[in-house]
Amino acid sequence: MTSPYNPAEIEPAVQAYWEDCGAFVVREEAGREKFYCLSMLPYPSGQLHMGHVRNYTIGDVISRYQRMLGKNVLQPMGWDAFGLPAENAAIERRMPPAKWTYANIDYMKGQLKRLGFAYDWSRELATCTPDYYRWEQWFFNRLLDKGLAYKKMAVVNWDPVEQTVLANEQVENGRGWRSGEVVERREVSQWFIRITEYAEELLRDIDKLEGWPESVKTMQRNWIGRSEGVEFGFEVEGERERLGVYTTRPDTLMGITAIFVAGEHPLAGKVAQSDAKVAAFVAECKNAATAEAELEAMEKKGVPLGITAAHPLSGERIDIWAANFVLMGYGTGAVMAVPAHDQRDWEFAVAHGIEIRPVIAPPGDAQHDFDQSALITKAGTLINSGEFDHLDFARACDAIADHLEKAGLGKRAVKYRLRDWGVSRQRYWGCPIPVMYDGDDKVVQVPDADLPVVLPEEVAFSGVKSPLKERTDFRQTTLPGSGEPALRETDTFDTFVESSWYFHRYCCPGADAMLDARADYWLPVDQYIGGIEHAVLHLLYARFFHKLLRDAGLVKSDEPFTNLLTQGMVLKDGSKMSKSKGNTVDPQSMIERYGADTVRLFMMFASPPDQALEWNDAAVAGAHRFLRRWWQLAARSAGDVAGAKATLAANGWAAAIDDPAALDLRRRVHAMLQKANRDYRKFHYNTVIAACMELLNAMDKFNPAPSADGAATDGAAAGEAMDPQRAAVLREGLVAMTCVMAPITPHIAHRLWRDLDEPGDVIDAAWPQADADALRGEAVELVVQVNGKLRGHIEVAATAGDEDIQTTALAHDKIRKHTDGKVIRKVIVVPGRLVNIVVQDA
């Protein structure tokens, strides 16, 4: 091997070899431990960006490492191919969304292959193909059968120009993001799936997700939003039905001085028919924001309806207002106002002259001016509450709830912030919802035998209205069995539906059913990788869908993802890469310039996977230099170390080494292996690479041919014969480093493995383990911190495990001065660097 390092020659040849021998095609093997590694599937936008490259490189490194541990590894790839971007591109390019989507899939697939990812392409899927969404439609029929899918009127954002519903994120300053027209709040018939039926289980099972980041679990808990409280009703003058509300603070009921209802509430609508001021306000509310962040920031407005309701405890008449910060889609569309103990209510009361009535005593009986602020928002002792005075929070809540229940005016209740999942979109490029409507507008399911309902792909698409509404060949059909005319549903599924079960289908390619027994071999996914932006909706819907499939008898597990890794963003000049900021880097140009292994190496070396990565052109070039130096060392040493195979094969060869330089290098080799074994498990690939760089430096300087007096010198002179012991150790180092780097830089590792005349392929090599004998006698110094502050140093053997390190640290005299008499909450060991002891006062 004398040729220079040329990735443009090496990488395509290695990739062709993998493809020819089906290196990454996997099958189920009973009795063999499986590992399902999955990165979130991409939208086929037309070109990979560096965020994609980082995400998929992380997944590929994990997959290859697990394969070398001897596991049966599945790593598939597919395309989240439906959705709005394809429609936008179709409008710009005057072409059908399908044509644009399939062309992008072909191009992006080529880019992924160029990066050498170890995907089982035999399992590839695209969610826009009928053979995929057929089963989505089939499963929707099962949900309809169980009453878990239903249709109802819902208030939505309506773009009057595009004639479609917009998500909250598509409304900018009250206008449609594309049309620029003022968006209306309109009631539209929408399809829903009852995720609220699973709210308690979804919340409870978060505790099972031990391999998930705590931040993601917290976001899911907050999104589900379980609360305990009381629901009760106000008797409204002139109305037969009570006005229902729910509160988690029944202790503040005697402080109610107003009731707020949404602009879309029937009470507001009724008054608006005869009151022009209320009618104008209701119309204004139709164009108001619905996103929570916008609701918090916008000006709080309201108008009195001129009607009152009776307080359920005192009978006092209370004014009802319509307010722009109350939404019909949340709870009952009505809330009680307690201005003395809620900041928003206080601000509104001050602006509109509503009474502020305190019912919770200031802490320590201090004086508090409730006209100046509503600072007492926490629980406390009741005042001004009649028979409930002097009760603390818990006793007051129980007493008031008991009173309401005995009077038949209310009851204790558990509520969730979570709402049923709206799955229909008034868009074209999506999976057709498999229902039709008879002459009386009654819903009729499309029979399973008639699935899939195929979305026509050759359409003229302008962006105004869905072409499905105009296509009589799609919309007009007949009722099953009778032949009577019927109309198909023209709404399509939200793309979150497709992305909630794609990972199930990967397990069962070609199955003539939604899933088969192979799903239970592979599921749950052992390692899922994706961005933190998917922490709530995608992951929550995927968890929910998995439970639906379980309850339909299609899978056995309760949760779909055992471990979750949320990778950090790729930054340039301190900002997230984006076309709008003009700070993107084209992965293809980097691959053409440096090769895929260099791009992969930089992505793993620049920072740990869960942290942001700052793009650095110089560091990319540095990664390339490292690979070139590695290649050159192997080329320079190949002939001599090849002859050392016999020495390595001999029993007890390592014990016979007596050369100090050889022993020192061997310690370095196995110190690297020890670090790699620790850090691969923690996804700390940057420190693994750093250890390999240090080892390369040592091997580069190592003289495999000692001088005449036996002293070591830097490097070997040309033509000098290698000492057998030194040649064997150098070979051991090259083989070990090739194994360790193989998951990160697989192409160069494949070639060097062959050039080192090792058996088989490096992708199937056993993961190397550190030899404790090689490390014996080597010591490392570790920093010891207590609550993050430096308190001392300890020296431990390089082979010491975490428990031994912890014991040594806690026994150290200087450390004990800071831990004696305190509760040790946690001991964190960072191998090779430090120990941090977290304590608190007893």
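Residues numbered from 1 in each chain as written. Predicted model: local features only at pLDDT ≥ 70, side-chain atom pairs only at ≥ 80, totals over all residues. Heavy atoms only, no water.

Q: Provide a residue-level description of the overall build of the chain, including the pertinent values.
A: Secondary structure summary: the chain contains 28 helices and 32 strands in total. Across its three principal directions, the C-alpha atoms of the chain cover 110 × 80 × 50 Å. Across the 842 residues of the chain, 53% fall into the buried class. A separation threshold of at least 6 residues defines the contact pool for the chain, and within that pool the share at least 24 residues apart is 71%. When the accessible area of the chain is evaluated, it comes to approximately 36900 Å², of which 49% is carbon and sulfur surface. Once the 95 positive and 118 negative side-chain charges of the chain are each reduced to a mean point, those two points are 1 Å apart. (Helix = DSSP H or I, 4+ residues; strand = E, 2+ residues; numbered from the N terminus. Buried < 20%, exposed > 50% of the residue type's maximum accessible area, 1.4 Å probe, protein only. Contact = heavy atoms within 4.5 Å. Areas by Shrake-Rupley, 256 points an atom, 1.4 Å probe, with all protein chains shown as cover. Lys, Arg positive; Asp, Glu negative; His and termini not counted. Charge placed at Lys NZ, Arg CZ, Asp CG, Glu CD.)

Q: How would you summarise the sheet that holds strand 17 (residues 421-422) if you had to cite specific residues and measurements?
A: In space, the four strands of this open sheet follow the order 6-5-9-17, with antiparallel pairing throughout. Strand pairing shows two members of the sheet lacking a second neighbour, strand 6 (164-166) and strand 17, which therefore form its edges. Both strand 5 (residues 149-159) and strand 6 contribute to a ladder of three bridges, which runs antiparallel. Looking at strand 6, one finds that Trp-158 is bridged to Val-165. (Pairing = 2+ DSSP bridges.)

Q: Help me get a handle on the environment of Ala-634, residues and values and all.
A: Residue position: Ala-634 is located in helix 20 (residues 617-642). Residue Ala-634 is classed as buried on the basis of its relative accessible area, which comes to 4%.

Q: Kindly report on the pattern of salt bridges, identifying the contributing residues and their values.
A: On inspection of all chains with the given rule, the structure shows 60 salt bridges. Residue Glu-11 is joined to Arg-114 by a salt bridge in which the shortest nitrogen-to-oxygen separation is 3.0 Å. Residue Glu-11 is located in helix 1 (residues 7-20), and its partner Arg-114 is located in helix 4 (residues 97-114); the two are separated by 103 residues in the primary sequence. Each member of the pair, Glu-11 as well as Arg-114, is classed as buried. Arg-142 is the salt-bridge partner of Asp-145, the closest N and O atoms lying 3.3 Å from each other. Taken together, the positions of Asp-145 and Arg-142, both in helix 5 (residues 130-146) and three residues apart, correspond to about one turn of that helix. (Salt bridge = Lys/Arg side-chain N within 4 Å of Asp/Glu carboxyl O.)

Q: Please give an account of the nonpolar core that cites residues and values.
A: Formed by 188 residues in total, the largest nonpolar core has its most connected members in Tyr-36, Tyr-502, Met-672, Tyr-680 and Met-737. Looking at this core element by element, the count peaks at eleven residues for helix 24 (residues 724-741). Contacts of Tyr-502, omitting those with residues within four sequence positions, involve Leu-38, Ser-39, Met-40, Leu-41, Leu-125, Tyr-132, Tyr-528 and His-538. (Core = buried A, V, L, I, M, F, W, Y, C linked by side-chain atoms within 4.5 Å.)

Q: Give me the lowdown on the sheet that holds strand 1 (residues 34-39), citing residues and values where you can.
A: The strand order across the open sheet formed by four strands is 2-1-24-25, and the pairing between neighbours is parallel. Two strands bound the open sheet, and with one partner strand each, they are strand 2 (72-74) and strand 25 (564-567). Taking each pair of neighbouring strands and ignoring which way they run, the sheet shows an average axis angle of 20 degrees. Strand direction decides the pairing type here: strand 1 and strand 2, joined by three bridges, are parallel. (Axes fitted to C-alpha atoms, helices over the stretch in contact; angles between N-to-C directions.)

Q: Can you explain the packing of helix 20 against helix 25 (residues 746-755)? Please cite residues and give values.
A: Their axes nearest at 11 Å, the elements helix 20 and helix 25 cross at an angle of 10 degrees. Regarding the angle of helix 20 to helix 25, the classification is roughly parallel. Of the residues in helix 25, those touching helix 20 at Leu-627, Trp-630, Trp-631 and Ala-634 are Ile-748, Arg-751, Leu-752 and Asp-755. Residue composition of the contact of helix 20 with helix 25, by class: six nonpolar, no polar and two charged. (Parallel < 35°, antiparallel > 145°, perpendicular 65-115°, else oblique. Nonpolar A, V, L, I, M, F, W, Y, C, P; charged D, E, K, R; others polar.)

Q: Please set out the pairing of strand 13 (residues 302-310) residue by residue, giving values where relevant.
A: The buried count for strand 13 comes to seven of nine residues, which makes it a mostly enclosed element. Here strand 13 pairs with strand 14 (residues 317-323) via six bridges, running antiparallel. Bridge pairing in strand 14 links Val-303 to Ala-322. Adjacent in sequence and paired antiparallel, strand 13 and strand 14 are bridged by six residues, among which Gly-315 carries a positive phi angle near 80 degrees.

Q: Can you break down the confidence of the model for the chain residue by residue, with the values?
A: The share of residues in the chain with pLDDT of 70 or more is 94%, and the mean pLDDT across the chain is 91. Contacts from residues 708-718, a stretch scored under 50 in pLDDT, to residues over four places away or in other chains number 17 contacts. (pLDDT = per-residue confidence, 0-100.)

Q: Please give an account of helix 18 (residues 587-594) that cites residues and values.
A: Taken residue by residue, helix 18 has Pro-587, Gln-588, Met-590, Ile-591 and Tyr-594 as its buried positions. Down the axis, helix 18 shows its buried residues gathered within 160 degrees of arc, on one side only. Relative to its buried face, helix 18 has exposed residues pointing more than 90 degrees away, namely Glu-592 and Arg-593. The inward-facing, buried residues of helix 18 contact helix 1, helix 2 (50-68), helix 4, helix 19 (596-605) and helix 20. Measuring from the backbone nitrogen of Gln-588 back to the side-chain oxygen at the start of helix 18 gives 3.1 Å, which picks out Asp-586 as the cap. Two residues or fewer after helix 18 comes Gly-595, characterised by a positive phi angle close to 100 degrees. (Arc of directions from axis to C-beta. Polar contact = N/O pair within 3.5 Å; in protein donor to acceptor, adjacent residues only side chain to side chain.)

Q: Describe the packing of aromatic side chains, with residues and values.
A: A full pass over the atoms with the stated rule returns 35 aromatic pairs. Ring geometry for Phe-139 against Phe-545: centres 5.4 Å apart, planes inclined by 45 degrees, an arrangement best described as tilted. With Phe-139 in helix 5 and Phe-545 in helix 17 (residues 537-551), this residue pair connects regions lying 406 residues apart in the sequence. Phe-545 shares its class with Phe-139; the two are buried. In textbook terms, an aromatic cluster arises when at least three aromatic residues are bridged by ring pairs, as seen for Tyr-65, Tyr-680, Phe-683, Tyr-685 and Trp-767. Positioned above the aromatic ring of Phe-192, the side-chain terminus of Lys-152 is 5.0 Å from the ring centre. When the ring centre of Phe-474 is taken as origin, the NZ or CZ atom of Arg-488, which lies over that ring, is 6.0 Å away. (Phe/Tyr/Trp six-rings, centres within 6.5 Å; stacked < 30°, edge-to-face > 60°. Lys NZ or Arg CZ within 6 Å of the ring centre and 35° of its normal.)

Q: How would you sum up the packing of helix 1 against helix 25? Please name residues and give values.
A: Two elements in contact, helix 1 and helix 25, have axes whose closest approach is 9 Å; the angle formed by their N-to-C orientations is 80 degrees. Between helix 1 and helix 25, the crossing angle belongs to the class labelled roughly perpendicular. Each of Ile-10, Glu-11, Val-14, Gln-15, Tyr-17 and Trp-18 in helix 1 lies in contact with helix 25, whose residues at this interface are Pro-746, His-747, His-750, Arg-751 and Arg-754. When its residues are assigned to classes, the contact of helix 1 with helix 25 shows five nonpolar, three polar and three charged.

Q: Break down helix 17 for me, with residues and values.
A: In this model helix 17 runs 21 Å from its N-terminal to its C-terminal C-alpha over 15 residues, within 8% of the 21 Å that 1.5 Å per residue would give. When you tally the buried positions in helix 17, you get 13 out of 15 residues, the bulk of the element. Gly-553 lies just past helix 17 and shows a positive phi near 80 degrees. (Expected span 1.5 Å × (residues − 1).)

Q: Got a sec to walk through unusual backbone geometry? Specific residues and values, please.
A: Glycine aside, negative phi is the norm for most residues, and most peptide bonds take the trans geometry. In the segment running from Leu-451 into Pro-452, the intervening peptide bond is cis, with an omega of 5 degrees. Note the cis peptide between Leu-523 and Pro-524, where omega equals 0 degrees. In this fold, Pro-524 is placed in the loop between helix 16 (518-522) and strand 24 (527-531). A positive phi angle is found at Arg-94, which is not glycine, with a value near 55 degrees. Counting through the fold element by element, Arg-94 comes out in the loop between helix 3 (84-93) and helix 4. Positive phi, close to 55 degrees, is recorded for Asn-384, a residue that is not glycine. The residue Asn-384 is located in the loop between helix 11 (343-352) and helix 12 (393-406) in this model.

Q: Describe the environment of Gly-595, naming the residues involved and giving the relevant values.
A: By secondary structure assignment, the location of Gly-595 is in the loop between helix 18 and helix 19. In the structure, Gly-595 is positioned 481 residues away from Arg-114 in sequence and 9.1 Å away in space, judged by C-alpha atoms. Non-local contacts of Gly-595, meaning those with residues more than four positions away in its chain, are made with Pro-7, Glu-11 and Met-590.

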